[in-house]
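# Coordinate analysis (summary)
Residues per chain, in single letters:
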Amino acid sequence: MLLFFILGLLVHFVFFGSIFDIYFTSPLVHGMTPQFTPLPPPAKRLVLFVADGLRADALYEFDENGNPRAPFIRNIIMHEGSWGISHTRVPTESRPGHVALIAGFYEDVSAVAKGWKENPVGFDSLINESKYTWSWGSPDILTMFAKGVGGDHIYTYSYDAESEDFGAHDVTKLDTWVFDHVKEFFHAARNNQSLFSKVNEEKIVFFLHLLGIDTNGHAHRPTSREYKDNIKVVDDGIKEIVSMLEHFYGNDGKTAFIFTSDHGMTDWGFHGAGHPSETLTPFVTWGAGIKYPQKVSVQKFDDAFLKEWKLENWKRQDIHQADVAPLMASLIGVPFPLNSVGILPIDYLNNTDLFRAESMFTNAMQILEQFKVKMTQKKEAILPFFFTPFKLLSESKQLNILRKARSYIKQRKYDEAVSLCKELIHLALKGLSYYHTYDRFFLGVNVVLGFVGWTSYASLLIIKSHSNLTRGVSKEVKKPSHLLACSFIALGVLVAFFLLIQDCPWTYYVYCLLPIPIWYAVLRDQLVAYLFIFTLGIEVLVLSFFYRYTLTAGLVAFACWPFITQLRTRAKSISLSWIFFSLLLAVFPLMPVVGRKPDIFLVMGAGLLVLLLSLCVLTSLLKRKDHFINEELLLHLVQMLSIVLSMYVVYTTHDSLLKKQGLPLFNQIISWITLASSFVLPLLSPTSLFERLFSILLSSMSAYLLLSTGYEALFPLVLSCLMFVWIQVEQETLRQPSVSYKQKVTSLQFTCSPDITQFRQLYLDDVRRAFFLVFFLVTAFFGTGNIASINSFDLASVYCFLTVFSPFMMGALMMWKILIPFVLVMCAFEAVQLTTQLSSKRLFLMVLIISDIMALHFFFLVKDDGSWLDIGTSISHYVIVMSMTIVLVFLNGLAHLLTTKKLELCGKPKSHLI
């Protein structure tokens with residue numbers, strides 16, 4: 001059995017890692033030749049303003065008094081430059097947004113395995129191609145463009161990370177810091193000959209990253225006065241910087257300005273998904289090489305924005321976010337970033353038709369270079385007779401298009417040349433995607449074979465070895481044929497040789513060779529004829545990952561379960577409780593996932609309900625026991641006091657942040673103490689089943705209240721009530737020949753070393769118990785929101801612990817919040833195993849099969865394109881089901897520790913009189 005579990009863990013680690021070789025490999029290639037427009041550029045220098053987290057509508061709309069919210073930018077749109085909307089893509093987050101703007105490609109999806117602060121792969125950018133770049137702003141953004149870049153031409157000036165405090169009184173200081181330091185820089189340049197010489201060079205970039213708007217949006221929401229006032233601060237600051245630069249350079253007309261945002265923000269203060277408020281960002285550009293405002297009577301956009309913003313007569317030109325990089329490169333005459341997939345928006349350029357055509361030709365050559373390198377790399381790694389080229393863009397077609405485009409330019413047919421270059425760009429981008437996903441089908445087939453083989457082997461092992469379902473079946477087993485073994489060995493050698501001559505990565509050997517011994521084990525024992533018995537229930541679980549209300553339907557079905565059994569006649573009160581709490585829990589999946597507003601009164605209400613329940617339990621224990629040990633009474637009162645303190649901290653912290661007074665130190669200390677004590681206090685309680693489980697609930701709720709902002713505070717309480725009823729239900733339904741009598745639940749004791757002689761074989765009713773466990777775990781996971789979505793995380797949940805931005809600490813706190821319902825379910829199931837004498841090892845085998853079948857579904861649904869929500873959700877689904885068995889082992893160990901371990905304060909055993 002131990003060998004089986006080790007093999008199972010190994011197989012699941014391999015299958016889990018496969019998605020990063022199949023779906024999430026880096027699309028970037030290296031080894032291209034830099035491409036740049038051969039004609040003189042219109043600008044000597046570029047100034048890039050990025051207002052982090054700024055929505056397009058928030059900038060362009062008018063305020064309550066009918067005045068422009070950003071008067072300087074409005075004046076630019078109407079008198080000096082061009083404007084439009086920049087459409088963002090995967091994902092609407094700070095790091096990938098800046099990568100798209102400055103490097104010209106959409107964030108490498110392999111970054112999901114590395115974290116958003118680290119460069120998963122090296123890439124070229126406008127900043128790297130510039131002669132000099134000076135940048136000011138957040139350390140998170142500036143450093144990633146300077147990291148790993150050779151030379152000393154990139155200079156960064158950033159404030160401390162501690163300044164990014166969501167609870168600060170005034171976060172506009174993040175922007176004023178940037179503006180003040182830019183002014184100081186140019187003042188110093190006047191008195192420093194070396195610096196003065198550098199800032200007067202050509203092909204230089206000034207990058208101002210403005211984080212205040214994003215921080216205010218997270219802290220106060222984009223509809224708040226703080227967010228809107230911050231826009232005015234940014235507008236005034238840009239006005240001053242532009243005026244100062246024009247004066248510094250003597251109004252030479254050689255400065256190009258671009259103002260945009262990395263992403264927008266939803267009304268509830270989040271970003272990361274594909275809502276229009278997140279993907280529509282402003283884009284305004286003016287100065288050298290940029291077209292002046294164009295008045296039009298008809299626009300090509302049919303949305304309502306133009307009238308709302310009163311810009312219907314000023315030509316709007318929308319672009320994709322990655323298109324900004326080639327535009328900036330064209331303006332100052334530097335090579336296009338090597339990995340850029342942006343298409344130059346030539347309608348923004350105020351230059352000759354020749355310059356526009358040459359710039360588009362350069363853009364086409366730059367993207368075609370990536371296609372050619374990608375094709376060469378793939379062709380060299382595959383046997384010639386297995387290689388299938390991208391037929392839409394053969395070498396002859398490439399040459400033909402390039403030759404025609406060059407001919408059109410010589411004949412001054414610039415529009416035709418531009419059209420041909422755009423066609424070449426679109427074909428090259430399709431070809432890049434084709435070669436990037438070339439091995440996907442081959443690897444997918446091998447992983448599917450491994451999945452099916454492993455699931456067959458595990459399920460049939462249960463049926464034959466751990467249940468009574470095969471009683472009466474002949475035990476005679478034929479010895480495996482030597483021919484079968486030799487055939488599989490030969491197949492393995494053939495596959496290994498095939499991979500070797502193609503110089504495949506070592507991971508390909510694992511995915512392709514692993515199914516061979518698995519299927520040998522299946523065919524050797526002739527187990528293929530058996531059928532899976534969990535199909536219908538598993539499909540329901542799969543559906544719940546996409547439609548949360550399916551969990552509601554499942555819980556309603558659970559509520560009906562007593563009516564089709566004898567439970568309603570044997571235990572009416574238990575049946576009624578089961579129905580009530582099943583229906584009550586069914587409400588939570590119907591609650592909104594995102595967009596919910598903080599409601600501290602619901603958190604307070606949850607705390608009061610826990611206190612009321614504690615008083616009832618305390619009264620019951622005092623009546624039931626002959627005498628109540630002082631230590632037990634004291635522990636119960638301490639845990640009730642912890643609930644009260646949590647309620648106090650939540651309320652006062654919320655009030656303090658509303659008044660912009662920050663997080664009180666006392667509240668922060670109490671929060672961390674409460675969190676730490678929630679691990680210890682349950683271990684001081686008696687090991688009797690009911691008292692230990694209730695102690696775990698009280699400690700968990702004290703921590704959960706501190707991490708709650710609304711209705712989710714009620715979820716663990718309702719879930720725990722249903723779990724308590726489930727324990728009673730399973731004991732009532734236990735009707736096996738091996739059990740001569742049933743003990744009362746209140747008389748059962750958790751024990752560290754259960755008597756394995758009491759364990760029994762599996763029965764059909766245990767299939768239902770395993771399914772119930774998986775269903776309750778899925779409900780605990782998605783009951784209060786889709787945690788696969790970035791939008792489901794509310795930073796306000798951790799404000800009782802810290803307000804200074806710390807992604808890893810905040811993430812750890814959120815993970816603990818997610819873990820609490822899991823722990824409650826597993827502790828309850830620990831009690832179910834005790835009451836039903838069910839072996840956890842045999843249970844895990846059934847759960848293993850359920851999770852593997854679900855994983856096979858989600859394997860085919862993993863996405864590597866679309867919004868960050870789509871990609872993140874598809875990954876999360878696969879990770880969840882692949883990790884289910886591994887996590888269950890961990891959670892089972894944690895639950896066993898929490899339920900059986902007893903700490904003695906006085907160093908001597910206590911007597912427990914029940």
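Just so you know, these numbers come straight off a predicted model, no measurement behind them.

Conventions used here
- Residues numbered from 1 in each chain as written.
- Predicted model: local features only at pLDDT ≥ 70, side-chain atom pairs only at ≥ 80, totals over all residues.
- Heavy atoms only, no water.
- Helix = DSSP H or I, 4+ residues; strand = E, 2+ residues; numbered from the N terminus.
- Buried < 20%, exposed > 50% of the residue type's maximum accessible area, 1.4 Å probe, protein only.
- Contact = heavy atoms within 4.5 Å.
- Areas by Shrake-Rupley, 256 points an atom, 1.4 Å probe, with all protein chains shown as cover.
- Core = buried A, V, L, I, M, F, W, Y, C linked by side-chain atoms within 4.5 Å.
- Salt bridge = Lys/Arg side-chain N within 4 Å of Asp/Glu carboxyl O.
- Patch = residues over 30% accessible without salt bridge, like charges linked within 9 Å, V, L, I, M, F, W, Y side chains within 5 Å.
- Phe/Tyr/Trp six-rings, centres within 6.5 Å; stacked < 30°, edge-to-face > 60°.
- Lys NZ or Arg CZ within 6 Å of the ring centre and 35° of its normal.
- Expected span 1.5 Å × (residues − 1).
- Pairing = 2+ DSSP bridges.
- Axes fitted to C-alpha atoms, helices over the stretch in contact; angles between N-to-C directions.
- Left-handed = near helix turned anticlockwise from the far one by under 90°.
- Nonpolar A, V, L, I, M, F, W, Y, C, P; charged D, E, K, R; others polar.

Moving on, we get to the overall build of the chain. The helix and strand tally for the chain stands at 33 helices and 8 strands. Taking all 914 residues of the chain together, the buried fraction comes to 57%. At a minimum sequence separation of 6, the contacts of the chain that also span at least 24 residues come to 79%. Roughly 38600 Å² of accessible area belongs to the chain as shown, and the carbon and sulfur atoms make up 62% of that amount.

We now examine the nonpolar core. Membership of the largest hydrophobic core comes to 144 residues, with the highest contact counts inside it found for Trp578, Leu773 and Phe776. Looking at this core, the element that brings in the most residues is helix H31 (residues 807-836), giving 17 residues. Not counting residues up to four positions away in its chain, the partners in contact with leucine 773 are Trp726, Val825, Met826, Phe829, Leu843, Val847 and Leu888. Counting 69 residues, the second-largest nonpolar core is a separate cluster that includes Ala256, Ile319, Ile367 and Tyr414.

A few words now on the pattern of salt bridges. With the rule as written, the count across this model stands at 19 salt bridges. In this structure, lysine 228 and glutamate 64 form a salt bridge, with 3.8 Å as the shortest nitrogen-oxygen distance. Of this pair, lysine 228 sits in helix H10 (residues 225-248) while glutamate 64 sits in the loop between helix H2 (56-60) and helix H3 (71-79), and the two are 164 residues apart along the sequence. For lysine 228, a relative accessible area of 17% corresponds to the buried category. Overall, glutamate 64 belongs to the exposed group, its relative accessible area being 53%. Salt bridges sharing common partners tie together Glu64, Arg225, Lys228 and Asp229.

Attention now goes to a nonpolar patch on the surface. A surface patch of nonpolar side chains, about 730 Å² in accessible area, is lined by Leu543, Phe546, Tyr547, Tyr549, Leu590, Phe860 and Leu861. For leucine 861, the location among the structural elements is in the loop between helix H32 (840-859) and helix H33 (868-900). Taking the relative accessible area as the measure of exposure, leucine 861 reaches 38% and is therefore partly exposed.

Moving on, we come to the environment of methionine 846. Here methionine 846 is to be found in helix H32. The buried category is assigned to methionine 846, whose relative accessible area is 2%. Between the alpha carbons of methionine 846 and valine 767 there is a distance of 7.3 Å; along the sequence they are 79 residues apart.

Under the criterion given, the structure shown has 55 aromatic pairs. Seen from their ring centres, phenylalanine 283 and tyrosine 348 are 5.2 Å apart, and the 90° between their planes marks the pair as edge-to-face. Remark: tyrosine 348 occurs in the loop between helix H13 (324-332) and helix H14 (353-380) and phenylalanine 283 occurs in strand E7 (residues 280-287); sequence separation between them is 65 residues. Overall, the relative accessible area of 0% leaves phenylalanine 283 in the buried class. Given a relative accessible area of 1%, tyrosine 348 falls into the buried group. On the basis of an interplanar angle of 25° and a centroid distance of 6.4 Å, the ring pair of phenylalanine 558 and tryptophan 578 is categorised as stacked. With a gap of 20 residues between them, phenylalanine 558 in helix H22 (residues 549-560) and tryptophan 578 in helix H24 (residues 572-585) connect regions that are remote in the sequence. Since its relative accessible area comes to 8%, phenylalanine 558 is described here as buried. Among the aromatic residues, those joined into a cluster by ring pairs are Tyr132, Trp134, Trp136, Tyr155, Tyr157, Phe185, Phe186, Phe196, Phe206, Phe248 and Tyr249. It is arginine 89 that lies over the ring of tyrosine 106; its NZ or CZ is 3.9 Å from the centre.

Counted at 1.5 Å a residue, the expected span for H14 with its 28 residues is 40 Å, and the 40 Å between its end C-alpha atoms agrees. In terms of residue burial, H14 counts as a mostly covered element, since 21 of its 28 residues are buried.

Attention now goes to the environment of glycine 287. With respect to the helices and strands, glycine 287 occurs in strand E7. For glycine 287, a relative accessible area of 31% corresponds to the partly exposed category. Residues glycine 287 and asparagine 350, 63 residues apart in the sequence, show an inter-C-alpha distance of 9.7 Å. What glycine 287 contacts, discounting residues up to four positions off in sequence, is Thr255 and Ala256.

Position of threonine 709 among the secondary structure elements: in the loop between helix H28 (689-706) and helix H29 (715-733). Taking relative accessible area as the criterion, threonine 709 reaches 5% and is therefore assigned buried. Excluding residues within four positions of it along the chain, threonine 709 makes contact with Pro598, Asp599, Ile600, Val603, Asp794, Ala796 and Ser797.

Below, the discussion takes up the sheet that holds strand E1 (residues 45-51). A sheet is described by the order of its strands in space; here 8 strands give the open sequence E4-E3-E5-E1-E6-E7-E2-E8, paired in mixed fashion. Of all the strands in the sheet, the pair left with one neighbour each is strand E4 (154-158) and strand E8 (319-320). Here 2 bridges tie strand E2 (residues 81-87) to E8, and the two strands are oriented parallel to one another. Note that in E8 the partner of histidine 87 across the bridge is histidine 320. Sheet strands in contact with helix H6 (residues 139-146) are strand E3 (132-137), E4 and strand E5 (204-210), and its direction is about 165° off that of E4.

For the rest of this paragraph, the subject is the packing of helix H27 (residues 665-677) against H28. Two numbers describe how H27 lies on H28: the axes approach to 9 Å, and their chain directions differ by 145°. Read as a crossing pair, H27 and H28 show a hand that is left-handed. Of the residues in H28, those touching H27 at Ser671, Thr674 and Leu675 are Ser702, Ala703 and Leu706. Of the residues belonging to the contact of H27 with H28, the class tally is 3 nonpolar, 3 polar and no charged.

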